[in-house]
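# Structural description and commentary
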Amino acid sequence: EQIAVAVGNMLIEQVNEKPDSVLGFATGASPVPTYNYLVKCFNEGKVSFKNITTFNLDEYCDLPVEDKNSYYTFMHEQLFNSLDIKEENVHFLDGNAEDTEKECARYDAEINNAGGIDVQLLGIGNNAHIGFNEPAESFTVGSFKVKLTDSTIEANKIYFDEGAMPHYALTMGIEQIMRAKKIVLIATGPKKAEAIKNM
Ligand code: F6R
């Protein structure tokens with residue numbers, strides 16, 4: 001709860017100072033208390049999100065956007081539907097695009113055209129993955145299509161009907177993420193300790 005208030009207030013300050021801020025969002029459990037806090041502050045009239053632009057980190061491939069497990073659905077249910085954010089300013093990688101290379105290039109160009117990301121919110125996996133970037137010897141660059149590792153499939157398949165867990169996803173690359181002017185990474189609980197120490 002303390003992290004939610006600290007991160008939430010930082011984002012609110014950012015948006016109040018620059019109402020047309022570009023924010024990068026993540027899914028997963030880590031940012032949910034922060035999203036709840038943002039909704040509470042919005043309902044109390046402390047901030048308006050009507051001029052912000054958002055880019056999400058990642059999205060599954062081969063999953064309809066309206067599926068209950070798509071990151072599009074997650075973000076709308078956890079945050080966007082409860083704010084005054086304009087739908088046309090909300091951006092996701094299209095995991096169902098026919099030409100994923102073209103789709104990734106489009107996404108990176110849109111981020112650049114928006115002036116880059118002012119604040120990027122991140123979580124981190126137990127094995128230190130960021131977005132769907134698994135730990136590796138070199139950093140990835142722009143957005144790309146990734147084959148999910150067995151450990152990621154194992155961790156996330158609980159949310160899906162048997163056999164329905166996608167095996168591919170689109171994700172921003174590490175260099176693209178690191179171009180954000182500010183990054184806030186939320187990691188809570190003992191399962192994240194080793195990843196944070198090694199990071
Ligand atoms: C989600 C994402 C993932 C999560 C990570 C941690 O958009 O990019 O890398 O941040 O899997 O997930 P939680 O917060 O559920 O522990």
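Residues numbered from 1 in each chain as written. Predicted model: local features only at pLDDT ≥ 70, side-chain atom pairs only at ≥ 80, totals over all residues. Heavy atoms only, no water.

## Side note on the site of the ligand
Inspection of the region around the ligand gives 13 residues, with Ala29, Ser30, Asp58, His129 and Lys192 positioned closest. Between an oxygen atom of the ligand and a side-chain N or O atom of Ser30, the distance comes to 2.5 Å. At 2.8 Å from an oxygen atom of the ligand is found a side-chain nitrogen or oxygen belonging to Asp58. Protein contacts shield 83% of the accessible area of the ligand, which totals 410 Å² for the unbound molecule. Its atoms largely coinciding with the cavity grid, the ligand occupies the largest pocket. Looking at the shell around the ligand, its residues break down into 4 nonpolar, 7 polar and 2 charged. (Near = heavy atom within 4 Å. Polar contact = N/O pair within 3.5 Å; in protein donor to acceptor, adjacent residues only side chain to side chain. Areas by Shrake-Rupley, 256 points an atom, 1.4 Å probe, with all protein chains shown as cover. 1 Å grid on protein atoms, 1.4 Å probe; cavity = no way out; pocket = protein on both sides within 12 Å on 5 of 7 lines; lining within 4 Å. Sits in = over half its atoms within 2 Å of the grid points. Nonpolar A, V, L, I, M, F, W, Y, C, P; charged D, E, K, R; others polar.)

## Considering the environment of Asp62
Within the secondary structure layout, Asp62 lies in the loop between strand S3 (58–60) and helix H3 (71–78). The exposure class assigned to Asp62 is exposed, which follows from its relative accessible area of 60%. Setting aside its immediate chain neighbours within four residues, Asp62 contacts Gly95 and Asn96. (Helix = DSSP H or I, 4+ residues; strand = E, 2+ residues; numbered from the N terminus. Buried < 20%, exposed > 50% of the residue type's maximum accessible area, 1.4 Å probe, protein only. Contact = heavy atoms within 4.5 Å.)

## Side note on the sheet that holds strand S7 (residues 168–171)
Sheet architecture is open: 3 strands sit in the order S3-S7-S6, paired in antiparallel fashion. Of all strands in the sheet, those bounded by a partner on one side alone are S3 and strand S6 (144–147). Strand-to-strand twist across the sheet, computed as the mean angle between neighbouring axes with direction ignored, equals 25 degrees. Where S6 and S7 come together, 4 bridges link them in antiparallel fashion. Pairing of Lys145 across the sheet is with Leu170, part of S7. (Pairing = 2+ DSSP bridges. Axes fitted to C-alpha atoms, helices over the stretch in contact; angles between N-to-C directions.)

## Here's the deal with the sheet that holds strand S5 (residues 119–122)
Sheets are built from strands that pair by backbone hydrogen bonding, the pairs being arranged parallel or antiparallel. Spatially, S4-S2-S1-S5-S8 is the arrangement adopted by the 5 strands of the open sheet, whose pairing is parallel. The open sheet has two edge strands, strand S4 (90–91) and strand S8 (182–185), and neither has a second partner. With respect to the sheet, helix H4 (residues 100–113) is in contact with strand S2 (53–56) and S4, its orientation differing from that of S2 by roughly 145 degrees.

## Considerations on the packing of helix H1 (residues 2–17) against helix H2 (residues 32–43)
One can describe the packing of H1 onto H2 by two numbers: an axis separation of 8 Å at closest approach and a directional angle of 55 degrees. Taken together, the axis directions place H1 and H2 in an arrangement best described as oblique. Our pair here, H1 against H2, has a crossing hand that is right-handed. Here H1 contributes Ile3, Ala4, Val5, Val7, Gly8, Asn9, Leu11 and Ile12 to the contact with H2, which in turn contributes Pro33, Thr34, Tyr37, Leu38 and Cys41. (Parallel < 35°, antiparallel > 145°, perpendicular 65-115°, else oblique. Left-handed = near helix turned anticlockwise from the far one by under 90°.)

## Examining the packing of H2 against H3
Running from N to C, H2 and H3 point in directions that differ by 45 degrees, and their axes come no closer than 10 Å. Taken together, the axes of H2 and H3 lie oblique to each other. Contacts from Val32, Tyr35, Asn36 and Val39 in H2 reach Phe74, Met75 and Gln78 in H3. Looking at the contact of H2 with H3, its residues break down into 5 nonpolar, 2 polar and no charged.

## Quick word on the pattern of salt bridges
Evaluation of the coordinates by the stated rule reveals 8 salt bridges. Between Lys18 and Asp118 there is a salt bridge whose closest N-O contact spans 2.7 Å. A residue pair is termed long-range when its members are at least 10 positions apart, and Lys18 in the loop between H1 and strand S1 (22–25) and Asp118 in the loop between H4 and S5 qualify at 100 residues. Ionic pairing is found between Glu44 and Lys40, a salt bridge with its closest N-O pair at 3.5 Å. Through salt bridges that share partners, Lys18, Asp118 and Lys181 make up one connected network. (Salt bridge = Lys/Arg side-chain N within 4 Å of Asp/Glu carboxyl O.)

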